[in-house]
Amino acid sequence: MAYNFKEIEKKWQTKWEKEGTFNAKNDYSLKKWYGLIEFPYPSGQGLHVGHPRSYTALDIISRMKRLQGYNVLYPIGFDAFGLPAENYAIKNNIHPSIVTEQNINHFKEQLKSIGFSFDWSREINTTDPNYYKWTQWIFIQLFKKGLAYKTTMPINYCTSCKVGLANEEVVNGVCERCGGEVIQKEKSQWMLKITEYAQRLIDDLDEVDYLEKIKTQQKNWIGRSEGAEVNFKIEGTDKNLLIYTTRPDTMFGATYMVVAPEHSIISELQDKITNLDEIEKYKELAAKKSDFERTEISKEKTGVEIKGIKAINPLDGNPIPIWVSDYVLITYGTGAIMAVPAHDTRDYEFAKKFNLPIKQVITNKENTASIDQEAYTDTDNGILINSGFLNGMNVQDAVKAVIAHLEKEHIGKSKVNFKLRDWVFSRQRYWGEPIPMVYCKECGWVPLDEKDLPLKLPEVKEFLPGENGESPLAKETDWINTTCPHCGGKAKRETDTMPQWAGSSWYFLRYMDPHNDQALASKEAIDYWGPVDWYNGGMEHTTLHLLYSRFWHKFLYDIGVVSTKEPYAKRTSHGMILGNNGEKMSKSKGNVVNPDEIVDEFGADTFRTYEMFIGPFDQSTPWSMESLRGCHKFLDRVWNLTTILQDGDSYSKEFEKMMHKTIKKVSEDYENMKFNTAVATFMTLINEFYKAKKINKAEFNTFLILLNPIAPHITEELFSLNGNTKTIAESSWPTYDESKTIDDEIEIPVQINGKLKATVIVALDSDESTVKKLVHDKVSHLLQGKTVVKEIYIKNKIYNIVVR
RNA sequence: GCGGAUGUGGCGGAACUGGCAGACGCGCUGGUCUUAGGAACCAGUGCCAAAAGCGUGGGGGUUCGAGUCCCUUCAUCCGCACCA
């Protein structure tokens, strides 16, 4: 009988779907395990071969955990708001909800054809009003706690499409869609105060089991730095210039100050400034530059001295000139710095260009540090010079001494800064969650009453954004005009919508209790299922989605909705699947592999096996059709094991050790996501069976259960053909006996001067004298005429003879 | 520039705390069965004609012993980019 994967896969998928085999149980007394994959955006292109890599990985672990007795939650849903559907709608004049529904249906069909053990009864969709009701509810809670606020922020604006763009849509400084020029435009935006959680987002990483590179990337993104804020008096005024520095120890070396072009000091002291025209001109020039130009063409520094005002160094009383330059950013620190060109590379470059004085205040222990060619920035070996009361101190002590002095004199204080910025939460778009806020002339911004949620998206005829980058909703006057929930007077609705990150920031909570209409999920469900035990996803989401959802979860923790500080106990990441030429798959390169075609031609089990065998799970690997065929051949050989099947209810003496070793190896490999070596182990094992030309029923059953998480259909079919009345899904995970995984005879390599010359077979744990005799019998001819200097025997490992 | 990875046969990749480098798969070579084979099975396959020798990007080092540890250097990929 040939391996008819089409028939087999259909049969089992139908059964699973009909019986809800993999649905999580609502019995909260069972031990639980919650596995999560990033729910897909249902794009028009359908599933990419990258999606199933992550889904299969956690599917394997979910299936194993179920057989190990856990109540497993392995859910699926769709993150369906977003730009592609909206752009498609604009082009073809179809409502995004229709396109979205079609795409979701296509995705579901594809996902089901691969045989994932998702709990489909808990499927969610972020565009469902019953879902986004709670996204809006969370926003209102954030607003009530002062963590959502409105402010004017520059946004990316495409001058050709007349549309506000997200950062992701700006590629190399031009509009991703039309290639038009992108400029900065001031716009009032909703912001979320993620910065308030910056420290906790760093600290609590200690509590979770994330890959180290994920933690590092998040920490770098949050960008904590310790330093000091210092007030510099402006000569002849009562004004101060507040600066931030991480190197207060170098204060005696400050030879000029720099403020960002947008800094308020310029307008505040405009009467004193003698070259105001020149400054204004520079400001204008800087404002015209897009973010792209400001960073990309940053090699050459520009700037103008602000004439007429000078700052006073509070440590030595010396007057210092003030410059304006766009290498200082208004958004970081205080928007002003003291420049210490001798010990900062950017200041050095600026000082060289404008011939500003460079004063060295740090040298090394030998006093040979030179600043002739570049700034001296070594903080580990630095010693203070030319610095009054700091002279002779090392950098660390000097930092402390300066801060103590500043605080005593009330001219400065230690200060921690973060690179992390607040989260721009508005999009001038249609296909997103409406922000549930109204503006009342009397009461200001007022949230909707919670009983009025969800605030549904109005049906509109046109999805084109308005002039000046307004949201398409700005044209819906009937919808906009409303009454104030607070005073009952006339009010207008917010017309911006939420970004795509909103719905995905809390979706894992909804899976716990997806049909609840009283709360985002019941407290019992949250207490039972939380936190997510294992979350796998792409590295590209480390600094956005992963950080955003941790932030929301911490907020929900603070208001008592969830009971754990962190949403995910464990986070891992998969590598990309590349085209067969080693490049990223893309239509234009013509190297895209369509999962449907693979499933159709080779079957879901082959597809899954290959996705796991393709290479180390956390690394990028190219796709290879030949290797895929190899996996199909492997499953063919698994199928044909029936031709050498023999009776036997327990492991045969011959294979007992091998079976115990395999159970151990495979179980550990799954748990450690070393799927490629797990598959290799199976291949080795069946090669052994074929070599012996036999396998008995007990061995076959164990083999099938172990392989089941990777290839669930073929193994269930063979399991049933092997005379089992239960299915694998109803069985238990095999256990192994550690003592039976240990060999009693070991082959010991024999080296002479570290070079392999022979091997000897000895009993486990043999002592040195026994082995020595065997070894010398074997290699005596190689030792003739040589002097043995030393012999090293490491039990059960190696025997090395050193000769001269 | 900063941060994170990764460099092992013709290819994808194995190798636990330093202990037989190349598991497993692909490809290739030869064979069996075939009218035929992008089928199946068997044997072989790091390099070199070779016992010897050489081999984990390059160069040093530690060690009885290094793919693995240390120093240094090069290359490729990804992320961030004037964060004071």
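The structure presented is a predicted model; accordingly, all values stated were derived computationally and were not measured.

Cut-offs applied
Residues numbered from 1 in each chain as written. Chains lettered and ligands numbered in written order. Predicted model: local features only at pLDDT ≥ 70, side-chain atom pairs only at ≥ 80, totals over all residues. Heavy atoms only, no water. Near = heavy atom within 4 Å. Polar contact = N/O pair within 3.5 Å; in protein donor to acceptor, adjacent residues only side chain to side chain. Helix = DSSP H or I, 4+ residues; strand = E, 2+ residues; numbered from the N terminus. Nonpolar A, V, L, I, M, F, W, Y, C, P; charged D, E, K, R; others polar. Pairing = 2+ DSSP bridges. Buried < 20%, exposed > 50% of the residue type's maximum accessible area, 1.4 Å probe, protein only. Core = buried A, V, L, I, M, F, W, Y, C linked by side-chain atoms within 4.5 Å. Contact = heavy atoms within 4.5 Å. Salt bridge = Lys/Arg side-chain N within 4 Å of Asp/Glu carboxyl O. Axes fitted to C-alpha atoms, helices over the stretch in contact; angles between N-to-C directions.

(A) Spotlight on the protein's contact with RNA strand B. By nearness alone, 52 residues border RNA strand B, and Asn220, Thr246, Tyr327, Arg346 and Lys419 come closest of all. Those atoms of RNA strand B that come within 4 Å of the protein belong to sugar or phosphate at a rate of 64%. With respect to RNA strand B, the side chain of Tyr332 contributes an N or O atom lying 2.8 Å from a phosphate oxygen. One nitrogen or oxygen atom from the side chain of Lys674 is found 3.2 Å from a phosphate oxygen belonging to RNA strand B. Take the surface near RNA strand B: its biggest share by element is 6 residues, from helix α21 (residues 675-692). Residues that form the surface near RNA strand B fall into these classes: 18 nonpolar, 18 polar and 16 charged.

(B) Quick look at the pairing of strand β26 (residues 570-573). As judged from the 2 bridges shared by strand β10 (residues 209-210) and β26, these two strands associate in the parallel manner. Bridge assignment links Tyr210 to a residue of β26, and that residue is Arg571. Pairing of strand β25 (residues 534-537) with β26 involves 3 bridges; the strand directions are parallel. The partner of Gly537 across the bridge, within β26, is Ser573.

(C) Spatial organisation of helix α22 (residues 697-707). The buried fraction of α22 is high, at 10 of 11 residues. When α22 is considered as a whole, its buried residues turn out to be Ala698, Glu699, Phe700, Asn701, Thr702, Phe703, Leu704, Ile705, Leu706 and Leu707. Its side-chain oxygen placed 3.0 Å from the backbone nitrogen of Ala698, Asn696 serves as the N-cap of α22.

(D) Highlighting the nonpolar core. Counting 80 residues, the largest nonpolar core has Leu520 and Trp552 as the members making the most contacts within it. The dominant element in this core, judged by the number of residues it contributes, is helix α5 (residues 129-144), at 8 residues. When neighbours within four sequence positions are excluded, Leu520 is seen to be in contact with Trp134, Trp137, Ile138, Trp506, Leu509, Arg510, Asp513, Ile526 and Val561.

(E) Expanded view of the pattern of salt bridges. A full pass over the atoms with the stated rule returns 40 salt bridges. One salt bridge in this structure joins Arg429 and Glu86, with 3.8 Å as the shortest N-O distance. One end of the pair, Arg429, is in the loop between β20 (423-424) and β21 (437-440); the other, Glu86, is in helix α3 (residues 83-92), and 343 residues separate them in sequence. You'll find Arg429 and Glu86 in the same group, each marked buried. A salt bridge links Lys554 to Glu566, with the nearest nitrogen and oxygen atoms 2.8 Å apart. In this pair, Lys554 sits in helix α16 (residues 545-558) while Glu566 sits in the loop between α16 and β26, placing the two residues 12 residues apart along the sequence. Residues Lys554 and Glu566 agree in their burial class; the two are buried. What you see here is one network of salt bridges that share partners, running through Asp204, Arg550, Lys554 and Glu566.

(F) Layout of the sheet that holds strand β33 (residues 788-794). With respect to topology, 4 strands assemble into an open sheet ordered β32-β31-β34-β33, the strand pairing being mixed. The strands lining the two open edges of the sheet, one partner per strand, are β32 (755-763) and β33. If you compare each strand with its neighbour and ignore which way they point, the axes differ by 20° on average. Relative to strand β34 (residues 798-803), β33 runs antiparallel, the two sharing 6 bridges. Looking across to β34, one finds that Tyr793 is bridged to Tyr799.

(G) Structural context of the environment of Asn640. Here Asn640 shows up in the loop between α19 (625-639) and β29 (645-646). Each C-alpha atom of the pair Asn640 and Tyr3 lies 8.1 Å from the other, and the pair is 637 residues apart in sequence.

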